[in-house]
Amino acid sequence: MDHRLYFALGDFLANLVVGVLVALAVWWIVTPGWNMFVAMFAMMVLGMILGMIAFMPISIKLGAMETMVPLMFTGMVSGMMMGMGEAMMTHSLAEAVGVGAVAGAGNIAFMWIANSLLRGVTRDGKSSADA
């Protein structure tokens, strides 16, 4: 993951947008008549597919490997969260947007923290994130 401001903001905005779009798609599809677990699994798959579709144009500017996993993960989590929530009770449009935004922002934060922790310290004592 690139640490330049252009890429950091691009990653954040891309995940925020995908999270909101997936949550809106799920909000439109799922009703309280759905089984909660069926809604979770079905919308998880839908979220990953929508994340993969959204990844294609976004990867042109931000890079393929840097965007594919975070966007598909965001789509998956946003779909699961909104699918389970919508199967329990109806939500407003604003609530759906909020769930998607939280999923997108939370997932990219998780990805950045995990990436920084996994890089660790190299043999010469320097953090590999500084390299």
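Keep in mind it's a predicted model, so treat the numbers as computed, not measured.

Reading the values: the criteria
- Residues numbered from 1 in each chain as written.
- Predicted model: local features only at pLDDT ≥ 70, side-chain atom pairs only at ≥ 80, totals over all residues.
- Heavy atoms only, no water.
- Patch = residues over 30% accessible without salt bridge, like charges linked within 9 Å, V, L, I, M, F, W, Y side chains within 5 Å.
- Areas by Shrake-Rupley, 256 points an atom, 1.4 Å probe, with all protein chains shown as cover.
- Salt bridge = Lys/Arg side-chain N within 4 Å of Asp/Glu carboxyl O.
- Helix = DSSP H or I, 4+ residues; strand = E, 2+ residues; numbered from the N terminus.
- Core = buried A, V, L, I, M, F, W, Y, C linked by side-chain atoms within 4.5 Å.
- Buried < 20%, exposed > 50% of the residue type's maximum accessible area, 1.4 Å probe, protein only.
- Phe/Tyr/Trp six-rings, centres within 6.5 Å; stacked < 30°, edge-to-face > 60°.

Novice: So what exactly am I meant to see when it comes to a nonpolar patch on the surface here?
Specialist: On the surface, Val-45, Ile-49 and Ile-53 cluster together to form a nonpolar patch covering roughly 250 Å² of accessible area. Looking at the element boundaries, Val-45 is found in helix α2 (residues 36-62).

Novice: Looking at this structure, I do not really get the nonpolar core. What am I missing?
Specialist: One broad rule of soluble globular proteins: the nonpolar side chains tend to lie buried together. Ranked by internal contacts, the top residues of the largest apolar core, which has 16 residues, are Val-18, Val-26, Val-30, Leu-71 and Met-82. Those elements that place two or more of their residues in this core are α1 (5-29), α2 and α3 (64-88). Residue contributions to this core peak at six residues, all from α1.

Novice: Please clarify how the packing of aromatic side chains should be interpreted in this entry.
Specialist: How two aromatic rings sit relative to each other is given by the distance of their centres and the angle of their planes. Under the defined criterion, the tally for this structure stands at two aromatic pairs. A centroid spacing of 5.0 Å and a plane angle of 80 degrees characterise the contact between Tyr-6 and Phe-7, whose relative ring orientation is edge-to-face. For Tyr-6, a relative accessible area of 47% gives the class partly exposed. On the basis of relative accessible area, Phe-7 is assigned to the buried category, the value being 16%. Arranged with centres 6.0 Å apart and planes meeting at 35 degrees, the rings of Phe-73 and Phe-110 form a pair that is tilted. Of this pair, Phe-73 sits in helix α3 while Phe-110 sits in helix α4 (residues 93-119), and the two are 37 residues apart along the sequence. The exposure class of Phe-73 is partly exposed, given its relative accessible area of 24%.

Nothing here speaks to function; it is geometry throughout.
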